[in-house]
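# Close look at the chain arrangement
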Amino acid sequence: MSAADALPAAGECHLWSVPVRTRPEWEALLTPDEAARAEAMPEGGRRDLLVTSRAAQRLVAHRYTGRPAQGVRIERACARCGAGHGRPRVLHGGYDYSVTHTRRRVLIAVVAQGLVGIDLDTSPYPGVLRRLIARVATPGERAALSRLPARELPEAFTRLWSRKEAVVKLTGHGLAARLNRIEVRGDLARPEGSPAEDWPAFPIHLRDVRVESGRIAAIASTRRITVLEPRSLTAPATTGTIRSA
């Protein structure tokens, strides 16, 4: 079969944006385990998110590979322990991708060269903000945050946190990595000491992008992203780009 969409070019990232809503027709794209999870949930929010996310990943794979979405196999085995919480990958897909979501939208970042991680977080509650800063920020990041007006602190910390989570999603460490040993203030993620025993030696590039309602997603990649192209499952490929934040 021929694919509908070409894979991203060198230095390019495709950003798929999928609204979360009830789609009974997408439930046919779930694996038996995923369908059982969805069936055990009450109708609405969490169930719609699960169906949207898992089905959208297969529909995106169909757009690139031409294979039927229902037959797309997504592997999630952790490279360290073998459990099913690892980085998702489409077998024989020819690309790397990462997923993040809010209650209303799923974002899927796709690159054809290297690795990618994406994250989109909400601002923490004021009562926990200071504790989070102390736990996850490097000394340099804490100093920079301390100089900000109080009204700017939640957004600044949210951007920092999202960048760190995008980085550890790219590396596959998740929150097992020591976030306070990853400096993310610039356009590269720099380890301070050892965030994890097997922390990679390759450079990790960072980029922010404004998405829904002015919110900011963080993208980490092993190849610097120069073009960020929005994609939709309901429309053919476009030539528009998303500006950096």
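Now for a description of the structure that goes with this document.

A few words now on the side chain of T65. Topologically, T65 is positioned in helix α2 (residues 45–65). A polar contact of 2.8 Å, which involves the side chain of T65, links it to the backbone oxygen of A61.

Here the focus is the nonpolar core. Counting residues in each nonpolar core, the largest one holds 27 residues, and the members touching the most others are Y95, Y97, I108 and V110. When residues of this core are traced back to their parent elements, those giving at least two are β1 (12–19), α2, β4 (96–101) and β5 (105–111). For this core, the leading source of residues is α2, giving 9 residues. With residues near it in sequence (within four places) discarded, V110 still touches P8, E12, C13, H14, W16, V60, Y64, Y95, D96 and Y97. In terms of nonpolar packing, the next biggest core, distinct from the first, is built from 25 residues, L132, V184, A196 and I204 among them.

Attention now goes to the pairing of strand β10 (residues 216–221). The element β10 is largely enclosed, with a buried count of 6 among its 6 residues. The alternating pattern of β10 places I216, A218 and A220 and A217, I219 and S221 on opposite faces, both of which are buried. As paired elements, strand β6 (residues 116–119) and β10 share 4 bridges and run antiparallel to each other. If you follow V116 over to β10, its bridge partner there is S221. Connecting strand β9 (residues 204–210) to the antiparallel partner β10 that follows it, the hairpin turn spans 5 residues, and S213 within it adopts a positive phi of roughly 55°.

Here is what the cut-offs are and how they apply
- Residues numbered from 1 in each chain as written.
- Predicted model: local features only at pLDDT ≥ 70, side-chain atom pairs only at ≥ 80, totals over all residues.
- Heavy atoms only, no water.
- Helix = DSSP H or I, 4+ residues; strand = E, 2+ residues; numbered from the N terminus.
- Polar contact = N/O pair within 3.5 Å; in protein donor to acceptor, adjacent residues only side chain to side chain.
- Core = buried A, V, L, I, M, F, W, Y, C linked by side-chain atoms within 4.5 Å.
- Buried < 20%, exposed > 50% of the residue type's maximum accessible area, 1.4 Å probe, protein only.
- Contact = heavy atoms within 4.5 Å.
- Pairing = 2+ DSSP bridges.

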